[in-house]
Amino acid sequence: MKRSFVCIAVMTAVLVCVCSACGLQKQNDPDDSAVLDIDYDFWSNEYAENMQNIKAGNIRYGNRDEMDSLSYYFGMSMGYEIKYSSMDLPLDINVVSGAAGEAMLGTASQSYGESVEYIKNYFNTKYYERRNAVLVKHAKDDSVRLAQGDTTTVRYKADMTMFDDDNERHDFSYALGNNYGSSIRSDVNLTISAYWFSKGLVDAFENNDALMGSDVPSAFAVNAYMQNYLKNVRPGELKEQSERWLANAERQEGVRKSRSGLLYKIEQTGDMNVRATDDRDTVIVRYAGICSNGYEFESTYAKVEELKLEMERVRNDASMSEQRKEYELRRLSTTLELYEEVDYVLGGVIKGWTEGLKYVGKGGKITLWVPAELAYGESGAGNTPTPYNGVGPNQALRFDIELVDVKPYKEPDFR
């Protein structure tokens, strides 16, 4: 658990989406405000009844009768992102939003890895050839129109020939939505209603003003709302939540409190003859880190399982060449080794770890409840207000840690 935490942005899931200029711009298009009928299963009453009590960490289906503004605005921010980064793709936004909602709740019919491969394959084998053909067609149309003296500025819609048929359009839209939703599920430390997120995504993409009044908030207004919440509102919410959470933890049987305010429970003492005593010692650990709102922001256990599943998927992928399989499996195996046992210099981690890991020896297990001041403090695990930080501002944390081994610090021999 290093102090210099690296944020994982959800938007990395969409690097394959290429924002391109499809011809000239038209000032008015009578069909621009058309709203797609909501018919995807995720939005159905039957699905809602089945999912109403589902909770996946900090993600819930949500109450369809009570608007969740934060989730809705967050969904709108994603809707604008998709709209402007994928302008040349005729996406089925209802399928995108439904897949995102399912992925957020852990019920998607496709794995994250499968979605990534599907999207990569589309862009590597189909996208550029089809896009160039569409641009050529638009250029010809422009030439004819201009030759006839028509100087109207035209904005072309996404061309349906970007996909083979409706099935490919559906499959790509589902993979893209699953990509977004999976990233939100794993990387976003906010309590989110999947239903209202998905609704906001569609409304922003389709300029639907049914919920937001006569004017749909612009992308700038949505961003301002999110920034204000994350920078000004959320720190106070998390501080109050963390204080209540720590107070409840302190009342649990077997939990002790140190002078620093660290709460800890020794699950297994381990070999106290082999323990960390110097901040320069190296500890080898397996662990899971959970925020005060139940969001698991980091876990070596989960990462190991994820890598094993991905290796199994690669082994069973009939479309992948043996040479590519060998490369991918070697890469995944190397990463797996790094997560099976992680080592840190004790003085290079958060204060709660530096203190807490001295209470057990080799083979020991300990649970730490770490106040924000012994973790990432007022700024959280990042310097800018963003929902993609693993730890929010003023947020207390819990760690379940196995101390696999300890390597005592040795003074260097300069002889």
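In the block above lies the structure referred to throughout.
Residues numbered from 1 in each chain as written. Predicted model: local features only at pLDDT ≥ 70, side-chain atom pairs only at ≥ 80, totals over all residues. Heavy atoms only, no water.

**Student:** Run through the pattern of salt bridges, naming residues and quoting values.
**Tutor:** In this structure the tally under the stated criterion is 24 salt bridges. Linking Glu168 and Lys126 is a salt bridge whose minimum nitrogen-to-oxygen distance equals 2.6 Å. With Glu168 in helix α5 (residues 166–187) and Lys126 in helix α4 (residues 112–147), this residue pair connects regions lying 42 residues apart in the sequence. On the accessibility criterion, Glu168 (7% relative accessible area) is buried. Close ionic contact of Asp164 with Arg130 constitutes a salt bridge, the shortest N to O distance being 2.5 Å. (Salt bridge = Lys/Arg side-chain N within 4 Å of Asp/Glu carboxyl O. Helix = DSSP H or I, 4+ residues; strand = E, 2+ residues; numbered from the N terminus. Buried < 20%, exposed > 50% of the residue type's maximum accessible area, 1.4 Å probe, protein only.)

**Student:** I'd love a proper account of helix α7 (residues 219–250), names of residues and values included.
**Tutor:** Residues spaced three or four apart along an α-helix face the same direction, because each turn holds 3.6 residues. Taking 1.5 Å of rise per residue, 32 residues should cover 46 Å, and α7 covers 44 Å from first to last C-alpha, within 8% of that figure. The sharpest bend along α7 measures roughly 45° and falls at Val233, with the proline Pro235 sitting one to four residues further on. Among all positions of α7, only Val222, Met226, Tyr229, Leu230, Arg234, Pro235, Leu238, Ser242, Trp245, Leu246 and Ala249 are buried. Against α2 (69–85), β5 (263–268), β7 (282–291), β11 (365–370) and β12 (397–407) lie the buried residues of α7. (Expected span 1.5 Å × (residues − 1). Bend = angle between axes of the 7 residues up to and from the residue. Contact = heavy atoms within 4.5 Å.)

**Student:** Can you lay out the nonpolar core for me, pointing to particular residues and giving the numbers?
**Tutor:** Residues Phe74, Ile82, Leu89, Tyr122, Phe172 and Phe197 are the most contacted members of the largest nonpolar core, which totals 46 residues. At the level of secondary structure, the elements contributing two or more residues to this core comprise α2, α3 (93–105), α4, α5, α6 (194–206) and α7. For Leu89, the contacting residues outside a window of four places in its chain are Tyr122, Phe123, Tyr127, Ala158, Met162, Phe163 and Phe172. (Core = buried A, V, L, I, M, F, W, Y, C linked by side-chain atoms within 4.5 Å.)

**Student:** Before we move on, could you go through the side chain of Asp159 and cite the residues and values that matter?
**Tutor:** With respect to the helices, strands and loops of the structure, Asp159 is situated in the loop between α4 and α5. Assessed through its relative accessible area of 14%, Asp159 is described here as buried. Ignoring any residue separated from it by four or fewer positions in sequence, one finds Asp159 in contact with Asp88, Pro90, Val134, Lys137 and His138.

**Student:** Residues and numbers for unusual backbone geometry, please.
**Tutor:** Phi at Asn394 is positive, roughly 65°, even though this residue is not glycine. Along the chain, Asn394 falls in the loop between β11 and β12. A relative accessible area of 17% places Asn394 in the buried class.

**Student:** Outline the packing of aromatic side chains, listing residues and values.
**Tutor:** Under the defined criterion, the tally for this structure stands at 20 aromatic pairs. Pairing Tyr73 with Tyr225 gives two aromatic rings, centres 4.0 Å apart and planes at 15°, and the pair type is stacked. Of this pair, Tyr73 sits in helix α2 while Tyr225 sits in helix α7, and the two are 152 residues apart along the sequence. For Tyr73, a relative accessible area of 15% gives the class buried. With a centroid separation of 4.9 Å and 85° between ring planes, the pair formed by Tyr127 and Tyr128 is classed as edge-to-face. Look at Tyr127 and you get buried, because its relative accessible area is 0%. Here the aromatic cluster, defined as three or more aromatic residues joined through ring pairs, consists of Tyr122, Phe123, Tyr127, Tyr128, Phe163 and Phe172. (Phe/Tyr/Trp six-rings, centres within 6.5 Å; stacked < 30°, edge-to-face > 60°.)

**Student:** Help me get a handle on α5, residues and values and all.
**Tutor:** In this model α5 runs 31 Å from its N-terminal to its C-terminal C-alpha over 22 residues, within 8% of the 32 Å that 1.5 Å per residue would give. In terms of residue burial, α5 counts as a mostly covered element, since 16 of its 22 residues are buried. At the N-terminal boundary of α5, the capping side chain belongs to Asp165, with an oxygen 3.1 Å from the backbone nitrogen of Asn167. (Polar contact = N/O pair within 3.5 Å; in protein donor to acceptor, adjacent residues only side chain to side chain.)

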